[in-house]
Amino acid sequence: RSYLDFLRGIAVLLMIDAHLLDSWTRFPDRETAAFGLAMLIGGMGTTLFLTLAGVAVALSAGSKLRRTGDAAAASAAVARRGLEIFVLAFVFRLQAWILGWSHRPTDLLKVDILNIMGPSIIVAALLWRAGRTAAQRVWIFAVVTAVIAFVTPLVRALTPRSLPDAFEAYIVPVAGLSNFVFFPWMGLVFAGAAIGVLLDSATTAAAESRMNVRLT
């Protein structure tokens, strides 16, 4: 599906926009409407990345199921991929810590997009396994996505917060540690998985094309 690779390329360009302009724009120019618009557009890269990760979960699991006939094995294979991404999050963080000459060990614990994406893929793989048909899987992902959206304000308002900062940073924003948090960002992975199930259920290229038109 070359259009998914195309969208990934767009996401990369949007991420470059967000990071490059944020790093190299002078402080006086940060107050301009152009900078605000650039940051708004660049922020869409994260949304696209997480959604496409969810799409890939369903497509990969569906492909493995058709090849092996074993839903549990298909789910486990996708979950392992999520674990790999979670491990890579710390590898990249260590690299940034070394190259950035950081002297703060807490920088190694920062929660970035891969820290959220990896565990979300694992959960999405388990949710995919919980459904036995495409319709069931779409409903499961849709309901979980909606629940995450609705409970996010409640999670943000929870007090007191007794977890260590390193763990709390995955749930609610912690200054200096959280770039992303599970609520609401992991909902995008589950929403993408619902889309992936629909695409995977299309039996012909024409049917998939019609499904994409409906989704837009």
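Provided above is the structure to which this section pertains.
Described below are features of the structure shown in this document. Sequence order as written defines residue numbering, which begins from 1 separately in each chain. Predicted model: local features are reported for residues with pLDDT of at least 70 only, side-chain atom pairs are reported and counted for 80 or more only, and whole-chain, interface and lining totals are derived from all residues. Heavy atoms from the whole structure form the basis of all side-chain values; hydrogens and water molecules are not counted.

Notes on the packing of aromatic side chains
Then, in step 1: Between 30 and 60 degrees the pair is tilted, below 30 it is stacked and above 60 it is edge-to-face, where a pair is any two Phe, Tyr or Trp rings, Trp via its six-membered ring, whose centres lie within 6.5 Å. Within this structure, the stated rule accounts for 4 aromatic pairs.
Then, in step 2: With centroids separated by 5.1 Å and ring planes inclined at 80°, the aromatic side chains of Phe 180 and Trp 185 adopt a geometry described as edge-to-face.
Then, in step 3: Each residue is assigned to one of three classes by its accessible area relative to the maximum for its type, calculated with a 1.4 Å probe on protein chains only: buried under 20%, partly exposed between the two thresholds, exposed over 50%. Phe 180 sits in the buried class, given a relative accessible area of 13%.
Then, in step 4: Trp 185 sits in the partly exposed class, given a relative accessible area of 24%.
Then, in step 5: Through a chain of ring-to-ring contacts, the aromatic side chains of Phe 86, Phe 90, Tyr 170 and Phe 182 assemble into a single cluster.
Then, in step 6: Across the ring face of Phe 27, the terminal group of Arg 30 is positioned such that the distance to the ring centre comes to 5.4 Å.
Then, in step 7: Only lysine NZ and arginine CZ atoms are considered, and such an atom sits over a ring when it is within 6 Å of the ring centre and within 35 degrees of the ring normal. Sitting above the plane of the Trp 128 ring, Arg 137 keeps its charged end 3.9 Å from the centroid.

Some thoughts on the environment of Met 186
Then, in step 1: For helices the rule is a DSSP run of H or I covering at least 4 residues; for strands it is a run of E covering at least 2, with both sets numbered from the N terminus onward. Secondary-structure assignment places Met 186 in helix 7 (residues 182-201).
Then, in step 2: For Met 186, a relative accessible area of 13% translates into the label buried.
Then, in step 3: Sequence separation between Met 186 and Gly 36 is 150 residues; the distance between their C-alpha atoms is 25 Å.
Then, in step 4: In this analysis, two residues are considered to be in contact whenever any of their non-hydrogen atoms come within 4.5 Å of each other. Contacts of Met 186, omitting those with residues within four sequence positions, involve Ile 116, Ser 120, Ile 148 and Val 181.

Brief notes about the nonpolar core
Then, in step 1: What makes a nonpolar core is a set of buried Ala, Val, Leu, Ile, Met, Phe, Trp, Tyr and Cys residues whose side-chain atoms join them at distances within 4.5 Å. By size, the foremost hydrophobic cluster in this structure holds 37 residues, and its most contacted members are Met 117, Ile 121, Trp 128, Phe 141 and Phe 190.
Then, in step 2: Within the residue set of this core, elements represented by two or more residues are helix 2 (33-68), helix 3 (71-99), helix 4 (113-130), helix 5 (134-157) and helix 7.
Then, in step 3: Leaving out residues up to four positions away in the same chain, Met 117 has contacts with Phe 49, Leu 50, Ala 53 and Ile 85.
Then, in step 4: The next biggest cluster of nonpolar side chains, apart from the first, holds 8 residues, and it includes Ala 11, Leu 48, Val 55 and Met 211.

Quick word on the packing of helix 3 against helix 4
Then, in step 1: The convention used is that axes are lines fitted to C-alpha atoms, helices contributing only their stretch in contact, and that angles between N-to-C directions extend from 0 to 180 degrees. Two elements in contact, helix 3 and helix 4, have axes separated by 7 Å at closest approach and are oriented at 170°. Here helix 3 is positioned roughly antiparallel relative to helix 4, judged by the angle of their axes.
Then, in step 2: Of the residues contributing to the contact of helix 3 with helix 4, the split by class is 19 nonpolar, 4 polar and 1 charged. Between 65 and 115 degrees an angle is taken as roughly perpendicular, under 35 as roughly parallel, over 145 as roughly antiparallel, and anywhere else as oblique. For this classification, the nonpolar set comprises Ala, Val, Leu, Ile, Met, Phe, Trp, Tyr, Cys and Pro, the charged set comprises Asp, Glu, Lys and Arg, and every other residue, Gly included, is treated as polar.

Regarding the pattern of salt bridges
Then, in step 1: When a carboxyl oxygen of Asp or Glu lies within 4 Å of a side-chain nitrogen of Lys or Arg, that pair is called a salt bridge. By the definition in use, this model includes 9 salt bridges.
Then, in step 2: For the salt bridge of Asp 29 with Arg 26, the shortest nitrogen-to-oxygen distance reads 3.0 Å.
Then, in step 3: A salt bridge links Asp 107 to Arg 104, with the shortest nitrogen-to-oxygen separation between them at 3.0 Å.
Then, in step 4: Look at the salt bridges and you will find they share partners, linking Arg 104, Asp 107 and Lys 110 into a network.

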